[in-house]
Amino acid sequence: MENYILPPEPLTNEAIAARLTTGARNGLANGSVKKKNLVYLELNGCSGNIISLLNGANPDFEYMIGSMVNLVYSNSLMAAEGEKAIERLMNALDEDYILAVEGAVALRDKGLYNIIGTWKGKPLTGLEAAKMLGEKASHILAVGACATHGGVSAARPNPSQSVGLQDVLPDKNMIKLPGCPVHPDWFLGTLAHILLYGDPDTDNLGRPLMFYSTLIHDRCPRRPFFDRGIFAEKLGDKTCLFKLGCRGPVTRTDCPTRQWNGHVNWPIGDDTPCIGCAQFGFPDAMAPFISYDTTRVVKDE
Amino acid sequence: MQNIRMLQQQVNSLINQARHDIYSISATSDPTAKQVKLQRIWDALTSIQFLNDLLAAHAASSISAANDRQPLNTMPVGQPISPTSANPAVAVPNQTFTIQDLANYDGKNGRPAYVAVGGVVYDVTNNRAWAAATHFGLVSGRDYTQEFASCHAGQQSILATLPVVGRLV
Ligand code: SF4
């Protein structure tokens, strides 16, 4: 990424988008960019990330499976079921593949708290699948809070002894995409970067800098209220949500500019504080999500 | 009082900006970008120094106003405002807190949020990492010497930016 494009080349958004798309199209046409296999494992979690992925736009999910990858296994989205589905998972091991994992790895009782299917009559645990597929993958993406650091699945008291993916694959390089759920752009953008240019630059926690480098607080449209000490007292107020417990000042994502649901709005834009869902340690470290009794005086507290 | 709060917040946001610039400088290899950031840090330091002097003047005038005998704007003898004087050690106000006193400053119901580290009590009421007087699962009004040492080893600079309110006894 050393070749900077400088004026007099046009630098408008349209020109940049055009350069990127022609680059990608040419790469696809001349064979330098190849479709790769993608294995998408769902372990101990809520499948929220794959639902979020289906909400992607430009590119959308259809484009992903049509032009970017061969989705060889996805528990939620594939047609095959039962042992037939697991057979496809096993066959994937023979070829090169990118592994995406959402959900935490449950360690308790040798992983029996999270069974993802049966193989040759025996239960296949998430723990076994994560280790087996993680060892051979060309790239690993830990998708969502649970896969990156345990997330909601590992919240106290963590009955299934869930951990993040890195804990069971300590020597493997993996790109971490925290978020509950992950924004479809963060996943699709990282995937596209891998296909077009290789691994994206990441910070010391393994998060791609292109999506996770800026504090929400530093791009928040309500920042002028924070700097002047003007704080909301209840949900729906249009000022800074800091005193209600906003975690924007400790969370790094591009939510304020990218926004959600087809880029239309985001929590703070809808007058509710950021709960820090993309911060490591979520949810326990980000609790309480809302507090009403910091600036307002409650009589019988 | 409001004025002092505002000055303090300006200082804090300048400090944050400078920190951010330092991080960006360490991450970039583009010499032009570096130059711009370095200049901005220099400017920030100049502003901080100015605001610091202003705050000291405020403090001095409020002391003399309280004494009511000295004319306003007189500096305490022996402490002239000088832009070149070395950083004095952080002056810890005389207020003392027991651990029970400290527990009252929990940031609830309009009360300020204080925490102690290494025997010094700091005000985190408006600290951006302490939204709703909580910080990564910690509530305010307690002593966090150990927690600070384990999570922010080698980051004493964090403490230097917090307003000091007294000593833990
Ligand atoms: S609403 Fe949250 S992110 Fe925005 S300025 Fe206030 S504290 Fe920062």
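Cut-offs used in this document
Position numbers for residues start from 1 in each chain and track the written sequence from start to end. The lettering of chains begins at A and the numbering of ligands begins at 1, in the order of writing. With pLDDT at 70 or above as the cut-off, local features in this predicted model cover only qualifying residues; side-chain atom pairs require 80 or more to be listed or tallied, and sums for whole chains, interfaces and linings still use all residues. Hydrogens and waters are ignored; side-chain quantities use all the structure's heavy atoms. UniProt positions are given in the numbering used here, feature names are shortened, and annotations may be inferred rather than shown by experiment. The criterion for a residue being near a molecule or strand is simple. One of its heavy atoms has to lie within 4 Å of it. Here the term cavity refers to a set of points on a 1 Å grid, laid over the protein atoms alone, in which a 1.4 Å probe fits but cannot get out; the term pocket refers to an open set having protein on both sides within 12 Å along at least five of seven lines, with lining residues being those that place an atom within 4 Å of a point. Any molecule with more than half of its atoms within 2 Å of a cavity's or pocket's grid points is counted as sitting in it. Throughout this description, the term salt bridge denotes a Lys or Arg side-chain nitrogen within 4 Å of a carboxyl oxygen of Asp or Glu. A helix here means a DSSP run of H or I that spans at least four residues, while a strand means a run of E at least two residues long, and both kinds are numbered starting from the N terminus. Contact between two residues is taken to exist if any of their heavy atoms lie within 4.5 Å; hydrogens are not considered. Defined here as a combined quantity, buried area equals the accessible surface (1.4 Å probe) lost by two parts on assembly, summed across both. In protein, a polar contact means a hydrogen-donor-capable atom and an acceptor-capable atom, both N or O and within 3.5 Å, with residues adjacent in sequence counting only if both atoms are side-chain atoms; elsewhere, any N or O pair within 3.5 Å suffices. Under this grouping Gly is polar, as are all residues other than the nonpolar Ala, Val, Leu, Ile, Met, Phe, Trp, Tyr, Cys and Pro and the charged Asp, Glu, Lys and Arg. Grid points are joined across faces, edges and corners, and a volume is the space filled by probe spheres set on the points. What fixes the domain bounds is an automatic or database domain assignment. Side-chain atoms within 4.5 Å link the members of a nonpolar core, which is a set of buried Ala, Val, Leu, Ile, Met, Phe, Trp, Tyr and Cys residues. Think of it in three bands: with a 1.4 Å probe and only protein chains considered, a residue is buried below 20% of the maximum accessible area for its type, exposed above 50%, and partly exposed in between. A pair of strands is considered paired only if DSSP assigns at least 2 bridges between the two.

If you check an unreviewed UniProt entry, chain B appears there as Cytochrome b5 from Cytobacillus firmus DS1.

As recorded in an unreviewed UniProt entry, chain A goes by [Ni/Fe] hydrogenase small subunit and comes from Cytobacillus firmus DS1. Within the UniProt record for chain A, the comment given under Subunit (unreviewed entry) is "Heterodimer of a large and a small subunit." Annotation of chain A in UniProt includes, under Sequence similarities (unreviewed entry), the sentence "Belongs to the [NiFe]/[NiFeSe] hydrogenase small subunit family."

Residues in close proximity to the ligand include His217, Cys220, Arg222, Arg223, Phe226, Cys240, Leu241, Phe242, Cys246, Gly248, Pro249 and Ile268 of chain A, which together make up its full environment. Counting atoms within 2 Å of the grid points, the majority share of the ligand lands in the largest cavity.

Let's shift gears to the pattern of salt bridges. The final tally for this structure, using the stated rule, is 14 salt bridges over all chains. Close ionic contact of Asp254 of chain A with Arg258 of chain A constitutes a salt bridge, the shortest N to O distance being 2.8 Å. Lys37 of chain B is paired through a salt bridge with Asp21 of chain B; the nearest N and O atoms lie 3.8 Å apart. Here Lys37 of chain B is found in helix 2 (residues 31–67), whereas its partner Asp21 of chain B is found in helix 1 (residues 2–27), with 16 residues between them in sequence. Counted as one network, the salt bridges with shared partners bring together Asp218, Arg223 and Asp227 of chain A together with Arg128 of chain B.

What follows covers the UniProt feature "domain: Cytochrome b5 heme-binding" (unreviewed entry) in chain B. Using the residue numbers shown here, the UniProt feature "domain: Cytochrome b5 heme-binding" (unreviewed entry) corresponds to residues 97–169 of chain B. Across residues 97–169 of chain B, helical content stands at 23% and strand content at 25%; the span's end C-alpha atoms are separated by 6 Å.

In this complex, chain B contributes 19 residues to the contact, which on the side of chain A involves 32 residues. A buried area of about 1900 Å², summed over both sides, lies between chain B and chain A, and 48% of it is on carbon and sulfur atoms. For chain B, the biggest contributors to the area lost against chain A are Asn109, Arg128 and Phe136 of chain B; these three give 38% of the whole. If you look at where chain B meets chain A, you find two salt bridges. Counting across the chain B and chain A interface gives nine residue pairs in polar contact (both at pLDDT 80 or more). Per-element accounting of the side of chain B that touches chain A gives the leading share, three residues, to helix 1 of chain B. Class assignment of the residues belonging to the side of chain B that touches chain A gives a composition of five nonpolar, 11 polar and three charged.

All names here are of chain A. Listed under "binding site: [4Fe-4S] cluster 1" (unreviewed entry) in the UniProt record, and renumbered for this structure, are Cys46, Cys146 and Cys180. These annotated residues cover 135 residues of sequence, and their C-alpha atoms all fall within 10.0 Å of one another, placing them together at a single site. Taking the annotated residues in turn, Cys180 line the second largest pocket. Within the secondary structure layout, Cys180 lies in the loop between strand 9 (175–177) and helix 9 (184–197). For Cys180, the residues in contact, after removing those within four places along its chain, are Ala145, Val152, Cys277 and Phe282.

Our focus in this paragraph is empty space enclosed by the protein. All names here are of chain A. All told, the structure shown has three cavities of 30 Å³ or more when counted by the stated rule. Taken as a whole, the largest cavity encloses approximately 90 Å³ of empty space. Along the wall of the largest cavity there are 13 residues; nearest its centre are His217, Cys220, Cys240, Cys246 and Ile268. Taken together, the elements giving at least two residues each to the lining of the largest cavity come down to helix 11 (216–219) and helix 12 (223–227). In terms of residue class, the lining of the largest cavity is made up of nine nonpolar, two polar and two charged. Each pocket or cavity is described by its volume, and for the second largest cavity that value is around 60 Å³. If you go around the second largest cavity, the residues you meet are Asn55, Gly56, Ala57, His183, Pro184, Asp185, Trp260, Asn261, Gly262 and His263. Per-class residue counts for the lining of the second largest cavity are three nonpolar, six polar and one charged. When residues of the lining of the second largest cavity are assigned to domains, at least three map to each of domain 1 (16–212) and domain 2 (216–286).

Take the UniProt feature "domain: NADH:ubiquinone oxidoreductase-like 20kDa subunit" (unreviewed entry) in chain A next. Under the UniProt annotation, the feature "domain: NADH:ubiquinone oxidoreductase-like 20kDa subunit" (unreviewed entry) is placed at residues 46–194 of chain A. Secondary structure across residues 46–194 of chain A divides into 42% helix and 22% strand, with the first and last C-alpha atoms of the span separated by 26 Å.

Right, let's get into the nonpolar core. The nonpolar side chains of soluble globular proteins are, as a tendency, buried together. Residue and element names in this part refer to chain A. Counting residues in hydrophobic clusters, the biggest one holds 35 residues, and the most contacted among them are Leu38, Leu53, Met64, Leu141, Phe187, Leu191 and Ile268. Mapped onto this core, the elements with two or more residues apiece are strand 1 (36–42), helix 2 (48–54), helix 3 (61–68), strand 3 (97–102), strand 7 (139–143), strand 9, helix 9 and helix 10 (209–212). Per element, the largest residue contribution to this core is six residues, and it comes from helix 9. In this structure, this core is formed jointly by two domains, domain 1 (16–212) and domain 2 (216–286), each of which donates at least three residues. In this structure Phe187 touches Leu38, Tyr40, Leu53, Met64, Ala100, Leu141, Val143, Leu177 and Val182, once residues within four positions along its chain are discounted.

Residues and elements named next belong to chain A. Here the second largest pocket is characterised by a volume of approximately 330 Å³. Every residue lining the second largest pocket is counted, 22 residues in all, and those nearest its centre are Cys255, Trp260, Trp266, Pro267 and Cys277. Split by residue class, the lining of the second largest pocket holds 14 nonpolar, seven polar and one charged. Two domains each put at least three residues into the lining of the second largest pocket: domain 1 (16–212) and domain 2 (216–286).

Right, let's get into the sheet that holds strand 1 (residues 96–97) of chain B. Sheet strands associate in pairs through backbone hydrogen bonding, adopting either a parallel or an antiparallel arrangement. Sheet architecture is open: four strands sit in the order 1-6-3-2 (chain B), paired in mixed fashion. Each edge of the open sheet is held by one strand with a lone partner, namely strand 1 and strand 2 (114–117) of chain B.

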